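Coordinate analysis (summary)
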Amino acid sequence: MAVWNPQGVTIPDTPAPQLTLNNGLKIPILGLGTWQAKPGEVGRAVEDALDIGYRHLDCALLYDNEAEIGEAIKKKIAQGVITRKDLFITSKLPPAANDPASVRGTVEISLKALKIQYIDLYLIHCPVSIRKEEWQKLESAERFAKPAHPAQYFNDVDPLTVWKEMENLVDDGLVKSIGLSNFSIPQIQRILDHGRIKPANLQVECHAHFPQDDIWAFCRKNSIILSAYAPIGSPARFGSAGSPGDLLKEPQLTVIGKKHRKTPAQVLLRWLIERDIVALPKSTHQNRLRENFEIFDFKLSQEEMQIINSLQEHGRRLFDFEMWKDAPNYPF
């Protein structure tokens, strides 16, 4: 059971299980996603998550909320709920900093915002490079629209040159592990062939409608831990009532969930962790945060795993970054 510290704050004693990265460091198999977590909400969500037992926070400079997350971390350390060593914090190099000269200055911005001395896992957010001056001209909502003039908007930067600067961050102790996000298999293979430090992690969209079997097998072969964003199929994209394509509405998940007294979302998260895939669900609601964490007290049978495997719809990618399709190094 949970314990209480002198300040009366609950300290959970059941953190999520961990996987071992290829450098020997540990990563919790369940983390809190923070994309689209709004200012004024994300800090409270992080505090709630840490109280519940989460120790893995998936952040990114691109999400524009790291400062508020940093305040929440500082508060929970002060309360004695956590120490820095208890946490596994991921951040990411944004597309507008995807050039060798920008890597160190950008990670330092995240370190300052998060109020920490090192980042546990630092990812290249995607292989696309955007000119910083063009990015800064745009309002937040405009940054994810198709650019009118791709040739002046995108940079042609070799991700391998960026990777070499990421390796220097490890050497200097600013980050513990480095990895990739939204890269294709050939792009990852090039890093493996020519990099000095092997990617420890690959973060991609992954859920039962889009299980990424090829890339999962590739990662297993190369001892790269796979992490899943949109692990329950990003239900917000389909509206509160659901619609065709909403993964949570698949009737098989309801049947399986009733057997285990679990929700469809819990079943989907359990399906991922039983494949040794790190799940990164996002929520700012305390009850859902707790629900997402309560997935370690049941197991799916082989038959249930196969039923969920059968839900895949080939090509059912929700996040295709279509607006950046004209960029050099577009991954899909």
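Look above for the structure.
Presented here is a report on the structure given in the accompanying data block. Values in this document were obtained by computation on a predicted structure and should not be read as measured data.

On to the side chain of E205. Positionally, E205 belongs in strand β12 (residues 201-205). Side-chain polar atoms of E205 contact the side chain of H207, separated by 2.7 Å. Residue contacts for E205: discarding those within four places in its chain leaves F210, Q212, Y229, A230, R316, R317, L318 and F319.

Attention shifts here to the packing of aromatic side chains. On inspection of all chains with the given rule, the structure shows 10 aromatic pairs. Relative to F319, the ring of W35 has its centre 5.6 Å away and its plane inclined at 80°; by these criteria the two rings are edge-to-face. Remark: F319 occurs in the segment after α12 (302-309) and W35 occurs in the loop between β5 (32-33) and α1 (42-52); sequence separation between them is 284 residues. Looking at W35, the relative accessible area reads 38%, which means it is partly exposed. Looking at F319, the relative accessible area reads 12%, which means it is buried.

What follows deals with helix α10 (residues 264-273). Here α10 lies mainly inside the structure; 9 of its 10 residues are buried. Those residues of α10 not exposed but buried are A265, Q266, V267, L268, L269, R270, W271, L272 and I273.

Criteria and cut-off values
Counting starts from 1 at the beginning of each chain's written sequence and moves along it residue by residue. This being a predicted model, a pLDDT of at least 70 is required before a residue's local features are given, and a value of 80 or more before pairs of side-chain atoms are given or counted; all residues contribute to the totals for chains, interfaces and linings. The basis for every side-chain value is the complete set of heavy atoms in the structure, and neither hydrogens nor water enter the calculation. The numbering of helices and of strands both runs from the N terminus, where a helix is a DSSP run of H or I of at least 4 residues and a strand a run of E of at least 2. Whenever a nitrogen or oxygen atom comes within 3.5 Å of another N or O atom, the pair is scored as a polar contact, on the condition that within protein one atom can donate a hydrogen and the other can accept it, and that pairs from neighbouring residues in sequence are kept only if both atoms are in side chains. Contacts are assigned to residue pairs that have any heavy atoms within 4.5 Å of one another. Side-chain rings of Phe, Tyr and Trp (the six-membered ring for Trp) are treated as a pair once their centres are within 6.5 Å; stacked means planes under 30 degrees apart, edge-to-face means over 60, and tilted covers the remaining angles. Burial classes: relative accessible area under 20% of the type maximum marks a residue as buried, over 50% as exposed, and values in between as partly exposed (1.4 Å probe, protein chains only).

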